[in-house]
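# Understanding the architecture of this molecule
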Amino acid sequence: MDLKTTSTTPNKGCSKNKDMSLEKYKKKRIFDTTPEPTGGVASDSELLFVIQKHAASRLHYDFRLEMNGVLKSWAIPKGPSTDPTVKHLAMMVEDHPYDYKDFEGIIPEGNYGAGTVIIWDAGTYEPLEKTKSKKEAEKLLINQLNLGSLKFSLHGKKLKGEFALVKTTGYGDNQWLLIKHRDKYASPTDITKKNKSVVSGITLEKMAADPAALKWKSKPKRAKKSSKLMHRNTP
Ligand code: MN
């Protein structure tokens, strides 16, 4: 990160930080060949989370928490668990743009993360401490993130209640654990058995075979109407 870089474009609030935080994301992708989003503007009211089930070279779940206008992201190979005795590895990855919360479909062959994506769960989240505003909540969460111990409450369709993301030591810089706290939503039942998208209602397998999603692959530029299966954002 080069802090000396000056920008000629006017910046409001944290938009410059946001651009810098998405640098890695943008470097990895060619937006003419992938339907993935490039940006987005967060709402003023609530903090969102999304979990995408992603059949890339290896199946994993992408856990994303909105913070300061972008989505902080972790790849969880085994997916989330609602069992407080289970700690699943969560690899922190590059920040994703806010609009990624709406993305499901197919990332065509040859692109970074090529494979099928469904929105496995989505909703709002909040820190465990009471805060007066979204801004205050984000400040608190960023602080926890920097300290390597995030605690929050999810209000999703599948995941509810308190969770923690805790950075582990000794395994490199990006390894965290996702842990369910003991509350009324804790359960030993495997939540990943619920395998349908909370948006389109279809499974990853069905999405992979869905002709509407595949159409983008052959004629990307002509996909004018954006359906929920084919989100395409042009800058
Ligand atoms: Mn992924």
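Throughout what follows, the structure given in this document is the object of discussion. (Residues numbered from 1 in each chain as written. Predicted model: local features only at pLDDT ≥ 70, side-chain atom pairs only at ≥ 80, totals over all residues.)

### Describing the overall build of the protein chain
How we decide: Only DSSP runs of H or I covering at least 4 residues are called helices, and only runs of E covering at least 2 are called strands; the numbering of each starts at the N terminus.
For the protein chain, the helix and strand inventory stands at five helices and nine strands. When its helices and strands are written in sequence order, the protein chain yields α-α-β-β-β-β-β-β-α-β-β-β-α-α.

### So, unusual backbone geometry
Keep this limit in mind: Counting other C-beta atoms within 10 Å of its own, a residue is labelled buried from 20 upward, exposed at 12 or fewer, and partly exposed in the gap between, with every C-beta atom placed from the backbone.
Despite not being glycine, Asn68 has its phi angle at roughly 50 degrees, a positive value. Here Asn68 shows up in the loop between strand 2 (59-67) and strand 3 (70-76). Asn68 gets classed as partly exposed once you count the C-beta atoms within 10 Å, which come to 18.

### Quick notes on the environment of Ala42
As a reminder, the rule being used: Residues are scored as being in contact if the C-beta atoms we place from backbone atoms lie within 7 Å.
Tracing the backbone shows Ala42 in the loop between helix 2 (23-27) and strand 1 (47-55). As a C-alpha pair, Ala42 and Asp99 span 57 residues in sequence and 8.5 Å in three-dimensional space. Not counting the four nearest positions on each side in its chain, Ala42 is found in contact with Glu66, Gly69 and Tyr98.

### Observations regarding the nonpolar core
Heads up, the condition is: Connectivity within a nonpolar core runs through C-beta atoms within 7 Å, and the core itself is a set of buried Ala, Val, Leu, Ile, Met, Phe, Trp, Tyr and Cys residues.
Of all hydrophobic cores here, the largest spans 39 residues; its most connected members are Phe63, Ala90 and Leu178. Per-element tally for this core: the top contributor is strand 6 (residues 115-127), with six residues. If near-sequence neighbours (up to four positions away) are discounted, Ala90 is found in contact with Phe63, Trp74, Ile76, Leu165, Trp176, Leu177 and Leu178.

### Some remarks on the pairing of strand 8 (residues 160-167)
What counts here: A pair of strands is considered paired only if DSSP assigns at least 2 bridges between the two.
Across seven bridges, the pairing between strand 7 (residues 149-156) and strand 8 is antiparallel. Opposite Lys151, over in strand 8, you have Ala164 as the bridge partner. A loop of three residues connects strand 7 with strand 8, the two strands running antiparallel in sequence.

### Looking at the environment of Leu141
Relative to the helices and strands, Leu141 is located in helix 3 (residues 134-147). C-beta crowding within 10 Å serves as the criterion here: with 24 such atoms nearby, Leu141 is assigned to the buried category. Distance from Leu141 to Glu126, taken between C-alpha atoms, is 8.7 Å for residues 15 residues apart in sequence.

### Some points on the pairing of strand 1
Where strand 1 lies against strand 6, nine bridges are found, and the strand directions are antiparallel. When the sheet's bridge partners are listed, Leu48 is paired in strand 6 with Thr124. The sheet contact formed by strand 1 and strand 2 spans seven bridges and is antiparallel. Across the sheet, Gln52 pairs through a bridge with Asp62, a residue of strand 2. The turn joining strand 1 and strand 2, which pair antiparallel and follow one another in sequence, is formed by three residues.

### Side note on helix 3
For clarity, the cut-off: Expected helix span is given by 1.5 Å per residue-to-residue step, counting one fewer step than there are residues.
Taking 1.5 Å per residue as the helical rise, helix 3 with its 14 residues ought to reach 20 Å, and the 20 Å between its terminal C-alpha atoms agrees with that figure. Positive backbone phi, approximately 80 degrees, marks Gly148, located one or two places after helix 3.

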